[in-house]
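A closer look at the structure
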Amino acid sequence: MTSAMTVDETAVRHKIDQMENNRRAIRIWLGVVLLTLFCLVLVGGATRLTDSGLSITEWKPIHGVIPPLSAQEWDEEFALYQRIPEYEQVNKGMTVEQFKTIFWWEWGHRLLARSIGLVFALPLLYFWVSGRIERRVKLPLLGLLALGGFQGFIGWWMVSSGLAERVDVSQYRLATHLVIACLIFSGCVWIMRALAPHSDDPVPSAAAHKLAATLAVLALFQIYLGALVAGLDAGLAYNTWPLMDGALVPSDLFVQSPAWLNLFENAKTVQFVHRIGAYVLFAAALWHMIQCLRQGPGTTHARRSVVLFALITLQAALGITTLVLQVPLHAALAHQGGALVVLGFAVAHWRGFLGAYPSEIAIAERD
């Protein structure tokens, strides 16, 4: 009996080791997905900042992978661009060589977007077929895959808003596109963190846990506000800090009617709200850090709260620098990348209060 019990326990321990190896492999895969997503968002930001997003005027999910390969094909692509308002009103007289510069930004962005579908879908299929994915994460991973496919449609929906009557894309659609990308990014971080080992440190308090969740939501909302700023080119005006247009609270914030429209279409109001959002996020992170250090000194939760506050402080400094320098490309991209880092760490920090997913395999207690 003892021998049989020993053999049985050894087999169960082997399954546990196998599960840990599977979790490690999935975390590595999701880490690659996160890196690809990070690059995709940065290239998307550069595409926006260089006014390249409308250079490809047709949606060709398959054929569009191949760029123009001859002078004739370049002329045909350029002719399509010359039909839209952006060319007529902004880039009239642009040469084919100048067009190539903005084309390559948009083509690179679309190629990365297509690539991430493969980076996510093919390993997911392999892990699924080989039985390496735990039941609790199957539906969430499928949901992220579906959301990624939907994001491709949203990307074209965004671009199409600037092809007929506007010279840029709708700030509403731009914000939607970026938020969905951030939701996919956050979902990958959440699952990756949940499959990782956690410490046994006690949670400082229920209030600290709630505030950690709130910080993740605030970080995502701040990215949404930043997308509205980008969509309206609101960062190119009022380039002083801490005063804005000569005051802490500038005038003419609600000149449009109805008043709520200013929150989305008045560049001054949108930038001001983005500033207020930054102050709220900074204050909440500071209070959360103090809360965790007081209620859980020496715990991993407290240490993470310090790192999160430091990241938010650095992000605020990047934001101010970008604004004061009138949105140079490198500073703006650093600010956008910093926003993703803050969001990712905030989500991981929140997940840290919940601990890792429990093992689906348990060794029964034996006398």
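Residues numbered from 1 in each chain as written. Predicted model: local features only at pLDDT ≥ 70, side-chain atom pairs only at ≥ 80, totals over all residues. Heavy atoms only, no water.

Focus on the nonpolar core
As a rule of thumb, soluble globular proteins bury nonpolar side chains together. Stated precisely, the cut-off is as follows: Residue types Ala, Val, Leu, Ile, Met, Phe, Trp, Tyr and Cys, when buried and joined through side-chain atoms within 4.5 Å, form a set referred to as a nonpolar core. Burial classes: relative accessible area under 20% of the type maximum marks a residue as buried, over 50% as exposed, and values in between as partly exposed (1.4 Å probe, protein chains only). Counting from the N terminus, the helices are DSSP H or I runs at least four residues long and the strands are E runs at least two residues long. Contacts were defined at the residue level, with two residues in contact if any of their heavy atoms lie within 4.5 Å.
Counting 53 residues, the largest nonpolar core has W29, L30, L37, F120, L141 and C188 as its most contacted members. Those elements giving two or more residues to this core turn out to be α1 (2-49), α4 (96-129), α5 (135-160), α6 (171-194), α7 (206-231), α9 (267-295), α10 (300-324) and α11 (329-352). Here this core gets eleven residues from one element, more than from any other, and that element is α6. Apart from residues no more than four positions distant in its own chain, L141 is found in contact with W29, L30, F120, L124, I133 and I191. Core analysis: the second largest hydrophobic core is formed by 18 residues, Y87, M94, W107 and V169 among them.

Some words on the confidence of the model for the protein
Spelled out, the test is: pLDDT expresses how confident the predictor is about each individual residue, on a scale running from 0 to 100.
Of the residues in the protein, 96% have a pLDDT of 70 or more, and the chain-wide mean is 92. Note on residues 363-367: pLDDT under 50 across the span, and seven contacts to partners over four residues away in sequence or across chains.

A word on a nonpolar patch on the surface
The condition is simple: Only residues whose relative accessible area exceeds 30% and that form no salt bridge enter a patch; like-charged residues are grouped when within 9 Å of one another, and nonpolar side chains (Val, Leu, Ile, Met, Phe, Trp, Tyr) when within 5 Å. Surface accessibility follows the Shrake-Rupley procedure with a 1.4 Å probe radius. Residue values consider only the protein chains on display as shielding. Take a side-chain nitrogen of Lys or Arg and a carboxyl oxygen of Asp or Glu: if they are within 4 Å of each other, that pair is a salt bridge.
A cluster of nonpolar side chains, L125, W128, V129, L139, L142 and L145, forms an exposed patch at the surface whose accessible area comes to about 580 Å². Counting only elements with at least two residues in the nonpolar patch, the list comes to α4 and α5. Along the polypeptide, L139 turns up in helix α5.

So, unusual backbone geometry
Following W241, the chain continues to P242 via a peptide bond in cis, the omega torsion being 10°. Summarising the element assignment, P242 is placed in the loop between α7 and α8 (262-265). For the bond running from S257 to P258, omega is 0°, close enough to zero to count as cis. Backbone geometry at D252 places phi at a positive 60°, although glycine is not the residue there. Checked against the element boundaries, D252 lands in the loop between α7 and α8. The partly exposed category is assigned to D252, whose relative accessible area is 49%. The phi angle at V327 is positive, at roughly 55°, despite the residue not being glycine. Structurally, the position occupied by V327 is in the loop between α10 and α11.

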